[in-house]
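Below, each chain spelled out in residue letters.
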Amino acid sequence: MFTEKVKQLLNEQIDKEFYSAYLYLYFANYYVEQGLNGFANWFTIQAQEERDHALLFIKYMQNNDIKVTFEAIGKPDAELKKHMDALLAALAHEQFVTASIHTIYEAAYEAKDFRTMQFLDWFVKEQAEEETNASSNIKKMELFGSDSKGLYMLDQELSARVYSPPSLVL
Ligand code: MG
């Protein structure tokens, strides 16, 4: 019932989610170096969420007897010169991931693969939230980031984020 195209795209998505986790750990590390531990906390938790996404794709494939292959994870390549750079790169990356999820959805739709469509519904919604969060961080940085007290307060706010497991259970 699964087309080769859908199977391949699902497999590639695992790699993209792990890359996302790796990218966000790279951002977190940058913020640690900058002394902004709240920003670092936010991205460390984001990385945990991305790992969870990858595990959900793996689980979905295993549950449906689709062979999982483990590909190489790329090196994060964003250049970070200003505090804003990681935030902008994060939004661009989430938009890329959204497009990727939509591409899988399109392939599943064309194949009348309703099971994969239903699985992906959660990710479609999740991506909307990810983009909102990434945009929100940029807006806050634009408003408060140029002032040292504002930056301190923003860092405090981001330090309050706590990890919670995904609401999707397979
Ligand atoms: Mg993700």
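Everything quoted here is computed from the prediction, not taken from an experiment. (Residues numbered from 1 in each chain as written. Predicted model: local features only at pLDDT ≥ 70, side-chain atom pairs only at ≥ 80, totals over all residues. Heavy atoms only, no water.)

1. Section: the overall build of the protein
So the rule is basically this: Here a strand is any run of E in DSSP of at least two residues, a helix any run of H or I of at least four, and the numbering for each starts at the N terminus. We compute the radius of gyration over the C-alpha atoms and compare it with the globule rule, which gives 2.2 Å times the number of residues raised to the power 0.38. Only protein chains enter the accessibility calculation, which uses a 1.4 Å probe; a residue is then buried when its area is under 20% of its type maximum, exposed when over 50%, and partly exposed in between. Contacts between residues were defined by any pair of non-hydrogen atoms, one from each residue, lying within 4.5 Å. Working definition of accessibility: Shrake-Rupley area with a 1.4 Å probe, residue cover restricted to the visible protein chains. Here the positive residues are Lys and Arg and the negative ones are Asp and Glu; neither His nor the chain ends is included. Positions of charges follow a simple convention, taking NZ of Lys, CZ of Arg, CG of Asp or CD of Glu.
When you go through the protein residue by residue, the secondary structure sums to five helices and zero strands. Each helix and strand of the protein, placed in order from N terminus to C terminus, yields the pattern α-α-α-α-α. Its C-alpha atoms give the protein a radius of gyration of 17 Å, within 12% of the compact-globule value 15 Å for 170 residues. Projected onto its principal axes, the C-alpha coordinates of the protein cover approximately 55 × 25 × 25 Å. Across the 170 residues in the protein, those meeting the buried criterion constitute 46%. The contacts of the protein with a sequence gap of at least 6 include a subset with a gap of at least 24, amounting to 83%. Of the roughly 9,400 Å² that the protein leaves accessible, carbon and sulfur atoms contribute 55%. Measuring between centres, the 16 positive side-chain charges of the protein sit 2 Å from its 26 negative side-chain charges.

2. As for the environment of Lys7
Counting through the fold element by element, Lys7 comes out in helix H1 (residues 4–33). Each C-alpha atom, one on Lys7 and one on Thr116, is 9.9 Å from the other, the two residues being 109 residues apart in sequence. Non-local contacts of Lys7, meaning those with residues more than four positions away in its chain, are made with Phe2, Met61 and Ile66.

3. Here we look at the pattern of salt bridges
Put simply, the test is: By convention in these notes, a salt bridge is any Lys or Arg side-chain nitrogen within 4 Å of a carboxyl oxygen on Asp or Glu.
Taken as a whole, this structure holds seven salt bridges when the rule is applied. In this structure, Glu49 and Arg161 form a salt bridge, with 3.1 Å as the shortest nitrogen-oxygen distance. Of this pair, Glu49 sits in helix H2 (residues 37–63) while Arg161 sits in the segment after helix H5 (148–159), placing them 112 residues apart in sequence. With respect to class, Glu49 is no different from Arg161; both count as buried.

4. Thoughts on the packing of H2 against helix H3 (residues 83–110)
In a packed pair of helices, the relevant descriptors are the angle between the two axes and the axis-to-axis distance. Quick reminder of the rule: The axes are straight lines fitted to the C-alpha atoms, using for helices just the contacting stretch, and the angles between their N-to-C directions are given from 0 to 180°. The cut-offs work like this: below 35 degrees is roughly parallel, past 145 is roughly antiparallel, 65 to 115 is roughly perpendicular, and the gaps in between are oblique. Throughout, a crossing is termed right-handed when the near helix is turned clockwise from the far one, and left-handed when it is turned anticlockwise from it by less than a right angle. In this classification, Asp, Glu, Lys and Arg are treated as charged, Ala, Val, Leu, Ile, Met, Phe, Trp, Tyr, Cys and Pro as nonpolar, and every other residue, Gly included, as polar.
Put simply, H2 and H3 touch, their axes get as near as 13 Å, and they point 15 degrees apart. Relative to H3, the element H2 is oriented roughly parallel. In this structure, H2 meets H3 at a crossing whose hand is left-handed. Seen from H2, the contacting residues are Phe39, Phe43, Gln46, Glu50 and Phe57; seen from H3, they are Ala86, Leu87, Ala90, Glu94, Ile101 and Ile104. The residue inventory of the contact of H2 with H3, partitioned by class, reads eight nonpolar, one polar and two charged.

5. Notes on the environment of Tyr60
Turning to its location among the elements, Tyr60 is positioned in helix H2. Overall, Tyr60 belongs to the buried group, its relative accessible area being 5%. Separated by 59 residues in the primary sequence, Tyr60 and Phe119 have C-alpha atoms spaced 8.0 Å apart. Excluding its chain neighbours within four sequence positions, the residues that come into contact with Tyr60 are Phe2, Leu10, Arg115, Thr116, Phe119 and Leu170.

6. With respect to the packing of H1 against H3
It is the contact of H1 with H3, at a shortest axis distance of 10 Å, that shows an interaxial angle of 170 degrees. Regarding the angle of H1 to H3, the classification is roughly antiparallel. Grouping the amino acids of the contact of H1 with H3 by side-chain chemistry returns 19 nonpolar, six polar and five charged.

The quantities given are spatial measurements derived from coordinates; they are silent on function.
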